[in-house]
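Geometric and topological summary
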Amino acid sequence: MTTTAAPAPTPTDTPTLTATGVTMRFGGLTAVRNVDLTVHHNEIVGLIGPNGAGKTTFFNCLTGLYVPTEGTVAFQGTTLPPKPHLVTKAGIARTFQNIRLFANMTVLENVLVGRHTRTKEGLFSALLRGPGFRRAEQASEQRAMELLAFTGLAAKRDHLARNLPYGEQRKLEIARALASDPGLLLLDEPTAGMNPQETRATETLVRAIRSQGTAVLVIEHDMRFIFNLCDRVAVLVQGEKLTEGTSETVQADERVIAAYLGTPFEGAPGEEEAAEVAAAEARTAEEAEDNR
Ligand SMILES: Nc1ncnc2c1ncn2[C@@H]1O[C@H](COP(=O)(O)OP(=O)(O)OP(=O)(O)O)[C@@H](O)[C@H]1O
Ligand SMILES: [Mg+2]
């Protein structure tokens, strides 16, 4: 009897990112509720939703900044421990909604710091420029300069990060994130504060990042940017994933529009809770009435 062995999985079979049942509670507030999300190899996925929907909180759960109350996050099939440095090491890099650069370091130094997870030298050695750092420096510097050229910042290498215009600070954050050679890049509002030209350039940059083999999950409020760019878009509303699909499907979904406008709709996330609260308030009012 012959047995047919299952074919060995190819890299594209295992999703780059698998978030399963991620829930994040802060005291009484559930900021993210039971969210599943998958990002495949070479995919650009958008994450949209009104202010306070839980998008950044979800990113924080993915990157180990928060330990999710429930749920798991796996990168290329391996569950990640919720520790930021281990998540970076595994291959997920991110940028922040509120830019986090070393303001008094140069552009090049900021990228070199992002590189430290991929060199033997630690962060402090990099910052203190110890002997080990100098040895590793040459190779790292070459890679950092490649990334600065890639993001269009090569001419600014010796400028202090704090002196860059806002749009370039956002690009520098991307260059720094790429320095860890991630398989997945998470971008939290990469075009916030950018002019239309810079936004278009960012779209091109994200496509180029994908063609170099890095999948991208991007949060953005600029819908034109999202719908132009993304292979798939997931919508978070009040911490829950309302829907997910191609740009065309999501764009045409009236519930998404209603969620943005804050108009109530049937089956809206949080609707049940709101109804419970309303019922409880009504009962209290009735009781108060009866006790009079
Ligand atoms: N550390 C925290 N402690 C308590 N509540 C928090 C914390 N972080 C976020 N929240 C709450 O969780 C909810 C979701 O916030 P989050 O920042 O994730 O939203 P968002 O979708 O990123 O919004 P925006 O589009 O405005 O950036 C908000 O109600 C927020 O106040
Ligand atoms: Mg946010």
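Residues numbered from 1 in each chain as written. Chains lettered and ligands numbered in written order. Predicted model: local features only at pLDDT ≥ 70, side-chain atom pairs only at ≥ 80, totals over all residues.

As named in an unreviewed UniProt entry, the chain is ABC transporter ATP-binding protein, taken from Streptomyces telluris.

Some words on the sheet that holds strand S4 (residues 70-75)
Pairing between sheet strands relies on hydrogen bonds along the backbone, with the strands arranged either parallel or antiparallel. For clarity, the cut-off: DSSP calls a pair of strands paired once it identifies at least 2 bridges connecting them. Here a strand is any run of E in DSSP of at least two residues, a helix any run of H or I of at least four, and the numbering for each starts at the N terminus.
Taken together, 4 strands build an open sheet; the order of strands is S2-S1-S4-S5 and the sheet is antiparallel. In the strand order of this sheet, the two ends are held by strand S2 (29-39) and strand S5 (78-79), each with one partner. Two strands pair when backbone bridges link them, and S4 and S5 are joined in this way by 2 bridges, in the antiparallel orientation. Bridged to Phe75 within S5 is Thr78.

Observations regarding the pairing of S4
Here strand S1 (residues 17-26) runs beside S4; their pairing, made up of 5 bridges, is antiparallel. Residue pairing in the sheet places Ala19 in a bridge with Val73 of S4.

Re the site of ligand 1
The criterion, for reference: Residues are classed as near a molecule or strand if the C-beta position derived from their backbone is within 6 Å of it. In this classification, Asp, Glu, Lys and Arg are treated as charged, Ala, Val, Leu, Ile, Met, Phe, Trp, Tyr, Cys and Pro as nonpolar, and every other residue, Gly included, as polar.
Around ligand 1, the neighbouring residues are Phe26, Leu29, Ala31, Gly49, Asn51, Gly52, Ala53, Gly54, Lys55, Thr56, Thr57 and Gln97. For the shell around ligand 1, the elements supplying multiple residues, two or more each, are S2 and helix H1 (55-62). Of the residues belonging to the shell around ligand 1, the class tally is 4 nonpolar, 7 polar and 1 charged.

What about the sheet that holds strand S3 (residues 44-48)?
To keep things clear, this is the line we draw: In this analysis an axis means a line fitted to C-alpha atoms, helices contributing only their contacting stretch, and an angle means the value between N-to-C directions, from 0 to 180 degrees. The contact criterion used is a C-beta to C-beta distance within 7 Å, with each C-beta placed from the backbone.
With mixed pairing, the 6 strands of this open sheet are ordered in space as S6-S7-S8-S3-S9-S10. Looking at which strands have only one partner, the edges of the open sheet turn out to be strand S6 (92-94) and strand S10 (240-245). Recorded for the sheet is a direction-independent mean angle of 20 degrees between the axes of neighbouring strands. Across 4 bridges, the pairing between S3 and strand S9 (residues 232-237) is parallel. The residue of S9 that forms the bridge with Val45 is Arg232. Packing of helix H10 (residues 254-261) onto the sheet brings it into contact with S9 and S10, and relative to S10 it is tilted by some 140 degrees.

So, unusual backbone geometry
Located in the positive-phi region is Asn42, a residue other than glycine, with phi close to 65 degrees. A positive phi angle is found at Glu189, which is not glycine, with a value near 55 degrees.

Focus on the nonpolar core
Stated precisely, the cut-off is as follows: The term nonpolar core refers to a group of buried residues, namely Ala, Val, Leu, Ile, Met, Phe, Trp, Tyr and Cys, whose C-beta atoms join them within 7 Å. Residues with at least 20 neighbouring C-beta atoms inside 10 Å of their own are called buried, those with 12 or fewer are called exposed, and the rest are partly exposed, where every C-beta is derived from the backbone.
Ala175, Leu184, Leu185, Val216, Leu217 and Val235 are the most contacted members of the largest nonpolar core, which has 66 residues in total. Among residues more than four places away in sequence, those in contact with Leu184 are Thr16, Leu17, Val39, Phe75, Gly91, Ile92, Thr214, Ala215 and Leu217.

Remarks on the environment of His85
Turning to its location among the elements, His85 is positioned in helix H2 (residues 84-90). Measuring from C-alpha to C-alpha, the distance between His85 and Thr63 comes to 8.7 Å, with 22 residues separating the pair along the chain.

Here we look at helix H6 (residues 166-178)
The condition that has to hold: Given the number of residues in a helix, its expected span is that number minus one, multiplied by 1.5 Å.
Between its terminal C-alpha atoms H6 stretches 19 Å, which fits the 18 Å expected from 13 residues at 1.5 Å a residue. Burial of H6 is extensive: 11 of the 13 residues sit out of reach of the surface. If you check which residues of H6 are buried, you get Glu168, Gln169, Arg170, Lys171, Leu172, Glu173, Ile174, Ala175, Arg176, Ala177 and Leu178.

Re the pairing of S1
Here S1 runs beside S2; their pairing, made up of 7 bridges, is antiparallel. Opposite Arg25, over in S2, you have Thr30 as the bridge partner. Between S1 and S2, which pair antiparallel one after the other, the connecting turn spans 2 residues, and Gly27 there sits at a positive phi close to 55 degrees.

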